[in-house]
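# What the coordinates show
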Amino acid sequence: MKRYITFSTAWMLVVGVYIATTHLLAQSASPQSFSDAEKQEIIAFHNKVRASVGAPPVEWSDELAAFAMEWSLNLASTGCRLQHRPNDNSKWAQKYGENIFWGMGKTYSGVDACKAWASEKKFWKGGKISMKNFAKAGHFTQMVWSKSTKVGLAKVVCPNGATIIVGNYDPRGNMIGDSPY
């Protein structure tokens, strides 16, 4: 029994240190809101890419941007690793389509993230989404998903200098078996 108590006490200490460290990382991350001008640039870029494939325009959503910011801050609190929201019933569950950008070494804008996602167009050969073609072009196909009408992005600069930009789309795209446009 004494070993169990010692182990439990040690485990609680480890968990406590992890929670405190996670909290400090999140606090030292720098969330950065996009100005109205930046939002317009992000939307203009999206709509230019969407128009190139015949998809209708999208508009900015502050609600989606807030949702993206929650996930950005969560990623910053876990070491700034790239990870999509889970497909489960947790508080972090995916509700919308999601693109994530990670960059290091310079200051990145929302349009920089959008350009990276759009650059996957070269891998898209058309047709319906499958597990095979989704892997290389999924960011692009989410950007141009014709049924998506709203988008919101959020940006966090991590303590290590990395930038994470999350984009959320409503309604979500990239449904296996469907065509993006």
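Residues numbered from 1 in each chain as written. Predicted model: local features only at pLDDT ≥ 70, side-chain atom pairs only at ≥ 80, totals over all residues. Heavy atoms only, no water.

### With respect to the overall build of the protein
Across its full length, the protein carries five helices and five strands. Written out in order from the N terminus, the α and β elements of the protein read α-β-α-β-α-β-α-α-β-β. Going through the 181 residues of the protein one by one, you find that 41% of them count as buried. For the protein, restricting intrachain contacts to residue pairs at least 6 apart in sequence, the fraction spanning at least 24 positions comes to 69%. Element-wise, carbon and sulfur atoms account for 60% of the exposed surface of the protein, whose accessible area totals about 10200 Å². (Helix = DSSP H or I, 4+ residues; strand = E, 2+ residues; numbered from the N terminus. Buried < 20%, exposed > 50% of the residue type's maximum accessible area, 1.4 Å probe, protein only. Contact = heavy atoms within 4.5 Å. Areas by Shrake-Rupley, 256 points an atom, 1.4 Å probe, with all protein chains shown as cover.)

### Structural notes on the confidence of the model for the protein
The share of residues in the protein with pLDDT of 70 or more is 85%, and the mean pLDDT across the chain is 86. Predicted confidence is poor over residues 1–26, with pLDDT under 50, and the contacts of this stretch with residues over four places away or in other chains come to eight contacts. (pLDDT = per-residue confidence, 0-100.)

### Re the state of the cysteines
In the structure shown here, the tally under the stated rule is one disulfide. Disulfide partner of Cys80: Cys158, at an S-S distance of 1.9 Å. Here the disulfide of Cys80 and Cys158 is left-handed, its torsion about the S-S bond being about -115 degrees. Separated by 78 residues along the polypeptide, Cys80 in the loop between α3 (62–77) and β3 (97–103) and Cys158 in the loop between β4 (150–157) and β5 (163–170) bring together distant segments of the chain. On the basis of relative accessible area, Cys158 is assigned to the buried category, the value being 4%. (Disulfide = S-S within 2.5 Å.)

### Some remarks on α3
Here α3 is 16 residues long and its end C-alpha atoms lie 22 Å apart, about the 22 Å a rise of 1.5 Å per residue gives. Every buried residue belonging to α3 is among Leu64, Ala65, Phe67, Ala68, Met69, Trp71, Ser72, Asn74, Leu75, Ala76 and Ser77, and all of these are buried. Between the side-chain oxygen of the N-cap and the backbone nitrogen of Glu63 there are 3.3 Å, and the N-cap of α3 in question is Ser61. Once α3 finishes, Gly79 follows within two positions and takes phi at roughly 95 degrees, a positive value. (Expected span 1.5 Å × (residues − 1). Polar contact = N/O pair within 3.5 Å; in protein donor to acceptor, adjacent residues only side chain to side chain.)

### Considering the pattern of salt bridges
Inspection of the entire model under this criterion finds four salt bridges. Notably, a salt bridge pairs Lys39 with Asp62, separated by 3.2 Å at the nearest N-O pair. Pair noted here: Lys39 is in helix α2 (residues 36–51) and Asp62 is in helix α3, with a separation of 23 residues, a long-range link. Salt-bridge contacts for Arg85 lead to Glu98; the nearest nitrogen and oxygen are separated by 3.8 Å. Placement of the pair is Arg85 in the loop between α3 and β3 and Glu98 in strand β3, with a sequence separation of 13 residues. The pair Arg85 / Glu98 is uniform in exposure class, with both members buried. (Salt bridge = Lys/Arg side-chain N within 4 Å of Asp/Glu carboxyl O.)

### Comments concerning the pairing of β5
β5 sits mainly inside the fold: seven of its eight residues count as buried. Note that β3 and β5 share seven bridges and pair antiparallel. Bridge pairing in β5 places Ile100 opposite Val166. Summarising the sheet, β4 and β5 pair through eight bridges and their orientation is antiparallel. (Pairing = 2+ DSSP bridges.)

### Overview of the nonpolar core
Counting 28 residues, the largest nonpolar core has Trp117, Met143 and Leu153 as its most contacted members. Put simply, the parts of the chain that give this core at least two residues each are α2, α4 (110–118), α5 (131–143), β4 and β5. In terms of residue count, α4 provides more of this core than any other element does, five residues in total. Apart from residues no more than four positions distant in its own chain, Trp117 is found in contact with Asn99, Ile100, Phe101, His139, Phe140, Met143, Leu153, Ile165, Gly167 and Tyr169. (Core = buried A, V, L, I, M, F, W, Y, C linked by side-chain atoms within 4.5 Å.)

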